[in-house]
Amino acid sequence: DAKTTQPTSMDCAEGRAANLPCNHSTISGNEYVYWYRQIHSQGPQYIIHGLKNNETNEMASLIITEDRKSSTLILPHATLRDTAVYYCIAPLNSGGYQKVTFGTGTKLQVIP
Amino acid sequence: DAGVTQSPTHLIKTRGQHVTLRCSPISGHKSVSWYQQVLGQGPQFIFQYYEKEERGRGNFPDRFSARQFPNYSSELNVNALLLGDSALYLCASSGLANEKLFFGSGTQLSVL
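What counts and how
Residues numbered from 1 in each chain as written. Chains lettered and ligands numbered in written order. Predicted model: local features only at pLDDT ≥ 70, side-chain atom pairs only at ≥ 80, totals over all residues. Heavy atoms only, no water. Disulfide = S-S within 2.5 Å. Helix = DSSP H or I, 4+ residues; strand = E, 2+ residues; numbered from the N terminus. Buried < 20%, exposed > 50% of the residue type's maximum accessible area, 1.4 Å probe, protein only. Salt bridge = Lys/Arg side-chain N within 4 Å of Asp/Glu carboxyl O. Contact = heavy atoms within 4.5 Å. Buried area = accessible area lost by both parts, 1.4 Å probe. Polar contact = N/O pair within 3.5 Å; in protein donor to acceptor, adjacent residues only side chain to side chain. Nonpolar A, V, L, I, M, F, W, Y, C, P; charged D, E, K, R; others polar. Core = buried A, V, L, I, M, F, W, Y, C linked by side-chain atoms within 4.5 Å. Pairing = 2+ DSSP bridges. Axes fitted to C-alpha atoms, helices over the stretch in contact; angles between N-to-C directions. Phe/Tyr/Trp six-rings, centres within 6.5 Å; stacked < 30°, edge-to-face > 60°.

### Re the state of the cysteines
Residue and element names in this part refer to chain B.
Moving on, step 1. All chains considered together, the criterion is met by two disulfides over all chains.
Moving on, step 2. Through a disulfide, Cys-23 is tied to Cys-91; the S-S separation comes to 1.8 Å. What sets the handedness of the Cys-23 and Cys-91 disulfide is the S-S torsion sign, and at about -65° it is left-handed. In this pair, Cys-23 is assigned in strand S3 (residues 19-24) and Cys-91 in strand S9 (residues 87-94), connecting sequence segments 68 residues apart. Summarising the burial analysis for this pair, Cys-23 and Cys-91 share the class buried.

If you want it as structure tokens, here you go:
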């Protein structure tokens with residue numbers, strides 16, 4: 001699975017857009033980029049994933065660069081409930097299984 | 001629909017004992033993965049099972065074992081517990097082996 005690099009922490013004002021970057025320069029052509037978040041003491045929650053094209057769902061938007069070496073998760077209107085650790089991962093899919101490696105993620109603090 | 005359920009939610013053991021953690025996946029999901037999360041770090045991959053077969057194994061000692069039952073529920077067993085095994089153990093399920101993961105709330109294991 002491709003190594004991902006994220007900033008350790010970020011702050012965002014409530015109501016503003018939160019833009020969380022992720023570098024995955026070693027990603028291979030068939031590896032998707034996934035984003036999960038983990039609120040304190042809970043299991044990680046799936047947010048969004050993509051391969052090449054930008055994606056949007058009810059939670060967030062995912063912007064992937066054309067060379068696929070980096071991506072940005074956008075929370076359009078951050079709320080206090082969005083305070084969490086956000087993980088960017090690029091799982092290895094091989095032999096019918098998926099190896100998911102989580103790094104330390106980005107701790108997003110939404111400020112009132 | 002019920003999400004991924006794990007039991008017990010909390011557990012206290014002493015060094016040298018063994019422990020069994022249980023996981024019930026979302027109905028219809030055939031893949032179950034186990035993760036260990038030490039405080040301050042991201043989840044670390046332990047095992048993945050799909051259709052009752054082990055499909056992947058992380059870098060954990062042989063003291064860790066798991067199995068998946070015909071109803072797709074799973075158990076994680078850890079023998080000869082060490083202090084360093086104290087962690088949050090997370091179970092995740094997915095429909096296929098390489099799809100997005102749905103996590104349970106975890107079992108908090110404390111080894112004294």
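### Quick look at the pattern of salt bridges
Moving on, step 1. Tallied over the full model, the rule gives seven salt bridges over all chains.
Moving on, step 2. Between Arg-37 of chain A and Asp-82 of chain A there is a salt bridge; the shortest N-O distance is 2.8 Å. Here Asp-82 of chain A lies in the loop between strand S7 (70-75) and strand S8 (84-89) and Arg-37 of chain A lies in strand S3 (residues 33-38), a separation of 45 residues in the sequence.
Moving on, step 3. Two residues, Glu-51 of chain B and Lys-30 of chain B, come together in a salt bridge whose shortest N-O distance is 3.3 Å. Of this pair, Glu-51 of chain B sits in the loop between strand S5 (44-50) and strand S6 (53-57) while Lys-30 of chain B sits in the loop between S3 and strand S4 (31-37), and the two are 21 residues apart along the sequence.
Moving on, step 4. Assessed through its relative accessible area of 30%, Lys-30 of chain B is described here as partly exposed.
Moving on, step 5. Each of Arg-22, Arg-67 and Glu-75 of chain B takes part in a single network of salt bridges with overlapping partners.

### Some remarks on the interface of chain B and chain A
Often the size quoted for an interface is simply the accessible area lost on bringing the parts together.
Moving on, step 1. At the interface, 20 residues of chain B touch 18 residues of chain A.
Moving on, step 2. When the two sides are added together, the surface that chain B and chain A hide from each other amounts to roughly 1600 Å², 55% of it contributed by carbon and sulfur.
Moving on, step 3. Viewed at the interface, chain A and chain B are joined by zero salt bridges.
Moving on, step 4. Remark: the boundary between chain B and chain A carries three residue pairs in polar contact (both at pLDDT 80 or more).
Moving on, step 5. Among the secondary structure elements, those contributing two or more residues to the side of chain B that touches chain A are S4, S5, S6 and S9 of chain B.
Moving on, step 6. Sort the elements by how many residues they give to the side of chain B that touches chain A and S5 of chain B lands first, with three residues.
Moving on, step 7. For the side of chain B that touches chain A, a count of residues per class yields eight nonpolar, nine polar and three charged.

### Remarks on the nonpolar core
Moving on, step 1. If you look at the biggest cluster of nonpolar residues, it comprises 22 residues, and the most contacted ones within it are Trp-35, Leu-73, Tyr-86 and Leu-108 of chain A.
Moving on, step 2. Setting aside chain neighbours within four positions, we find Leu-73 of chain A in contact with Ala-18, Asn-19, Leu-20, Trp-35, Ile-47, Ile-48, Ala-60, Ser-61 and Tyr-86 of chain A.
Moving on, step 3. One finds Val-4, Val-19, Leu-21 and Ile-46 of chain B within the second-largest nonpolar core, a separate group that totals 21 residues.

### Observations concerning the sheet that holds strand S1 (residues 9-13) of chain A
All names here are of chain A.
Moving on, step 1. Overall, mixed pairing links the five strands, which are arranged S1-S11-S8-S3-S4 in an open sheet. Every other strand in the sheet has two partners, leaving S1 and strand S4 (45-50) as the edge strands with one partner each. Averaged over neighbouring strand pairs, the angle between their axes works out to 25° when direction is ignored.
Moving on, step 2. When S3 meets S4, the two strands line up antiparallel, connected through five bridges. Its bridge partner lying in S4, Trp-35 is registered against Ile-48.

### Things to note about the environment of Ile-111 of chain A
Residue and element names in this part refer to chain A.
Moving on, step 1. When you line up the elements, Ile-111 lands in strand S11 (residues 106-111).
Moving on, step 2. C-alpha of Ile-111 to C-alpha of Ile-89: the two residues are 22 residues apart in sequence and 26 Å apart in space.
Moving on, step 3. Those residues within four positions of Ile-111 in sequence are excluded, and the remaining contacts are Asp-11, Cys-12, Ala-13, Glu-14 and Leu-80.

### Details of the packing of aromatic side chains
Residue and element names in this part refer to chain A.
Moving on, step 1. The tally for this structure, following the rule as stated, stands at 13 aromatic pairs over all chains.
Moving on, step 2. Taking the centre distance of 6.3 Å and the plane angle of 65° together, the rings of Tyr-34 and Tyr-46 count as edge-to-face. One end of the pair, Tyr-34, is in strand S3; the other, Tyr-46, is in strand S4, and twelve residues separate them in sequence.
Moving on, step 3. By relative accessible area, Tyr-34 is classed as buried at 5%.

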